[in-house]
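Coordinate analysis (summary)
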Amino acid sequence: MAHKIAPSLLSANFLNLQADIEMIDNSEADWFHCDVMDGTFVPNISFGFPIIKQISKIAKKPLDVHLMIVNPDKYINEVKDAGAYMMNVHYEACTHLHRTVSAIHDAGMKAGVTLNPHTPVSLLEDILQDVDMVLLMSVNPGFGGQRFIEHTLTKVARLKEMILKRNLHTLIEVDGGVNLETGKLLVDAGADVLVAGNAVFADPDPTEMIHKLKSLA
Ligand code: DX5
Ligand code: ZN
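Since we're looking at a predicted model, the values are computed, not measured.

Close to ligand 1 lie 20 residues, the nearest being S8, D35, G142, G145 and D175. A distance of 2.7 Å separates an oxygen atom of ligand 1 from a polar side-chain atom of S8. In the environment of ligand 1, an oxygen atom lies 2.8 Å from a nitrogen or oxygen atom belonging to the backbone of G177. The fraction of the free accessible surface of ligand 1 (380 Å²) that becomes covered by protein chains is 100%.

Another point: the coordination of the zinc ion (ligand 2). Around the zinc ion (ligand 2), the protein contributes the donor atoms H33 (NE2), D35 (OD), H66 (ND1) and D175 (OD), which lie 2.1 to 2.3 Å from the metal centre. Every donor counted, the 6 donor atoms about the zinc ion (ligand 2) form angles of 70 to 169° at the centre, which fits octahedral coordination. Site description for the zinc ion (ligand 2): donor spacing in sequence, H-x1-D-x30-H-x108-D. You can see D35 sitting in strand β2 (residues 32-37) and its partner H66 sitting in strand β3 (residues 63-68), a full 31 residues away along the chain.

Parameters at a glance
Residues numbered from 1 in each chain as written. Chains lettered and ligands numbered in written order. Predicted model: local features only at pLDDT ≥ 70, side-chain atom pairs only at ≥ 80, totals over all residues. Heavy atoms only, no water. Near = heavy atom within 4 Å. Polar contact = N/O pair within 3.5 Å; in protein donor to acceptor, adjacent residues only side chain to side chain. Areas by Shrake-Rupley, 256 points an atom, 1.4 Å probe, with all protein chains shown as cover. Donors = N, O, S within 2.8 Å, 3.2 Å for Na, K, Ca; no water. Tetrahedral: all angles 85-135°; square planar, octahedral: opposite > 155°, others 65-115°. Helix = DSSP H or I, 4+ residues; strand = E, 2+ residues; numbered from the N terminus.

Have a look at this one:
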């Protein structure tokens, strides 16, 4: 299966979000990646549900919502109402992860579990069968435009092995410092979805960059 591309709107032009949403709609991108930050779980604040709801009104592709917040359980209905397809919660932010994942499914969304760079994939041994996607952070979350942490490649390969061994169809998404070079290494290691913020939006031709990322074999 060809890998998916999820441009991160964190790097979009907030003064003209509509133009960037239309660009993604008309590109080869697969999903919209929406980053919600609370200033507590991560040292930055981005945007919240009212903005995502507006995005969902014109977006023609699924919304992949990445919650970098404490107590994400409290907002499952808000995320659903905002139009999310996939709700990603951080492993480090959920005390009762199985309950959270079940509640996300009950709300009618796909459930993703996100790991910070220091969190080992082995901790997913007993939840992997219940999640639709694992989002591996390849930078410390909070900001766009950071440098890719190389060790992520080992984590992708290890996680892929765990998934195949169990005959699961869990997707592996990678987020942070993804560009043409790191993207190629990630796809080779087994990544199914690449998030790209800076690589797409800082490029003079974002549509072409999405095409190039999508064409990585
Ligand atoms: C970082 C966010 C990312 C961010 C990636 O905390 O989760 O989605 O937008 O940006 P780049 O691709 O610029 O590293
Ligand atoms: Zn993200």
